[in-house]
Amino acid sequence: MIRVLGWLAVLGLVAGLAAGFGYAPREAVQGNVQRIMYLHVPAVLTAYLAFALVLAGSIGYLATRRSGWDRLAAAAGEIGVLFTGLTIVSGSIWGKPTWGTWWTWDARLTSTAVLFCVYVGYLLLRSLIEDPEARARYAAVVGILGAVNIPIVHFSVKWWRALHQPSTILGPERSPIDPAIGLALFVNWVAFTLLFAYFLSRRMEIARLEEQT
Amino acid sequence: MPSNWGYVFAAYGIAAVALLSYWRHLARRTHALAARRAAKPRAT
Amino acid sequence: MTYARRAWIILWKDLLIERRAKEHANALLFFCLLLLFLFQFALGPDRERLAAAVPGLLWLGFILAGLLGLGRSFLGERDNDCWEGLRLTPGDKSAIYLGKLAGNCVLMTAVEIILVVLFGVFYDVDLWTPAAPLALVLALGTIGLAAVGTLFAAMTTQVRARELLFPVLLLPVQVPVLLATVSATQALLLGQPLADVAHWLKLLAGADLVYVTIGILTFEFVLEG
């Protein structure tokens, strides 16, 4: 079952690459650099999916005390951090030719960076507690707080940026999206979700086996 | 507008390395677990 | 024994211990003084550069003091083998959380008043004119910091590398509080009316509500075991 998922993911990624490089046109304003978005946007969407699952697993564990929920939270947290890191790196690389700098404190990058820090802390907490029961409990509390905090972070960063915003140079988000670009984004998003599901299944299986050993 | 393919490949390259590394990490952990379970007598 | 009474007893106990031992208060007071020097030396003699940075420095000072003070919230219970006592308290454990939260708010408020006075004196900043709205911002920010800090302090008390983990967990979660309070403080110090920072105050109030609610709901899970 998991193997099928894995192959589907590979298929999806190949299709995504084809769509992103072959099918989608060269973007008018940004040029080819825009193709990084086929990596960046699906990565961040997948990360949000991951952290939603961390929330679900955390609540599930505290409500039922069944370790399956904790395994979900742990696996989703780990993979979520991976994809968040990818989001930040791809965003930064995209930013260099676009804005001229590797890093800028714009709303999205800043929010994503904060998200990254919150869940790295989550993983750190998990790594420092040996007793599985205490680990699951404490991680669940942090998982819930971290997730609930996400919209609060989003708004605070957005309003903070509004104070310090330099004149917006490029606003590619504003113009209507070329349907070809939209389709390429969609295909890549599906591919990333499949990959995430595959990673999640394998990681949870490892956790289950570790518990039994 | 310069071609900037270097950046595109850098981004995709890093992503590929990261995802492949994580996949290998999962594979290795699975094998290690399987080996440990095979070596231990099944405790009921 | 009522819920409120149990919370009050925790608060009273901590205040009493503090008044008798005076260890936290003295050390934190001195820490605030040192921070003053630290900021001045870090930013250099330029008066205006320092004045422009005051809102950020003020909250940086609170947070640094908070990391030290809040992280130790439950150390007394741990070191004196009172953890079991907390766990065995009958009734809703969240009363303990609220009591501890209140105590931490008192502590943080004392630190803030000291820092504000020191800033006013040493950095020659007028903090008296906007005192009332500033106090509101301080209060909201303090609750936000203490609400999460108390919860995480209880959690990390029993964990290895407590001193490292506590800041690592607390700081990312506090980003919205920091952004809101610094932005609001900056506006107020520039003479803007309270109405201008209303959206920040609403964000802070909303965040505080969320943090305290989660603290109340999850504290019993932290206290187990």
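Residues numbered from 1 in each chain as written. Chains lettered and ligands numbered in written order. Predicted model: local features only at pLDDT ≥ 70, side-chain atom pairs only at ≥ 80, totals over all residues.

In this structure, what is going on with the overall build of chain C? I would like to understand it.
In terms of helices and strands, chain C carries nine helices and zero strands. N-terminal to C-terminal, the α/β element order of chain C is α-α-α-α-α-α-α-α-α. Expressed as a percentage of its 225 residues, the buried residues of chain C come to 43%. Long-range contacts, defined as pairs at least 24 residues apart, comprise 82% of the intrachain contacts of chain C with a sequence gap of at least 6. (Helix = DSSP H or I, 4+ residues; strand = E, 2+ residues; numbered from the N terminus. Buried ≥ 20, exposed ≤ 12 C-beta atoms within 10 Å, placed from the backbone. Contact = placed C-beta atoms within 7 Å.)

When you look at the interface of chain A and chain C in this model, what are you seeing that I'm missing?
By convention, interface size is frequently given as the accessible area that disappears when the constituent parts associate. Listed by partner, the interface residues are 28 residues for chain A and 25 residues for chain C. For the side of chain A that touches chain C, the secondary structure elements donating two or more residues are α4 (107-128) and α5 (132-164) of chain A. Residue contributions to the side of chain A that touches chain C peak at 19 residues, all from α5(A). Across the side of chain A that touches chain C, the residue classes tally to 22 nonpolar, four polar and two charged. (Nonpolar A, V, L, I, M, F, W, Y, C, P; charged D, E, K, R; others polar.)

Which parts of the structure should I look at to understand the interface of chain A and chain B?
Taken together, the contacts link 21 residues of chain A with 19 residues of chain B. At the level of elements, α3 (67-99) and α6 (179-212) of chain A are the ones that each hand at least two residues to the side of chain A that touches chain B. With eight residues, α3(A) is the largest single contributor of residues to the side of chain A that touches chain B. Taken together, the residues of the side of chain A that touches chain B sort by class into 12 nonpolar, four polar and five charged.

Is there a simple way to explain unusual backbone geometry in this structure?
With glycine set apart, most residues show a phi of negative sign, and most peptide bonds adopt trans. A positive phi is found at Arg65(A), a non-glycine position, where the angle reads about 60 degrees. Assignment of secondary structure puts Arg65(A) in the loop between α2 (37-64) and α3.

Explain the confidence of the model for chain A to me, please; I cannot follow it from the model alone.
Do not read the fine detail of predicted coordinates wherever pLDDT is low. Residues and elements named next belong to chain A. Per-residue confidence for chain A averages 88 on the pLDDT scale, and 93% of its residues sit at or above 70. Confidence, read as mean pLDDT per element, is least for helix α1 (residues 2-23) in chain A (85) and greatest for α2 (95). A low-confidence stretch, residues 166-172 (pLDDT under 50), is modelled with five contacts involving residues beyond four sequence positions or located in other chains. (pLDDT = per-residue confidence, 0-100.)

Sorry, what's going on with the arrangement of the chains here?
The structure contains two pairs of chains in contact, of which chains A and C account for the largest number of contacts. Regarding chain B and chain C, which are not in contact, the minimum distance between any of their C-alpha atoms is 24 Å.

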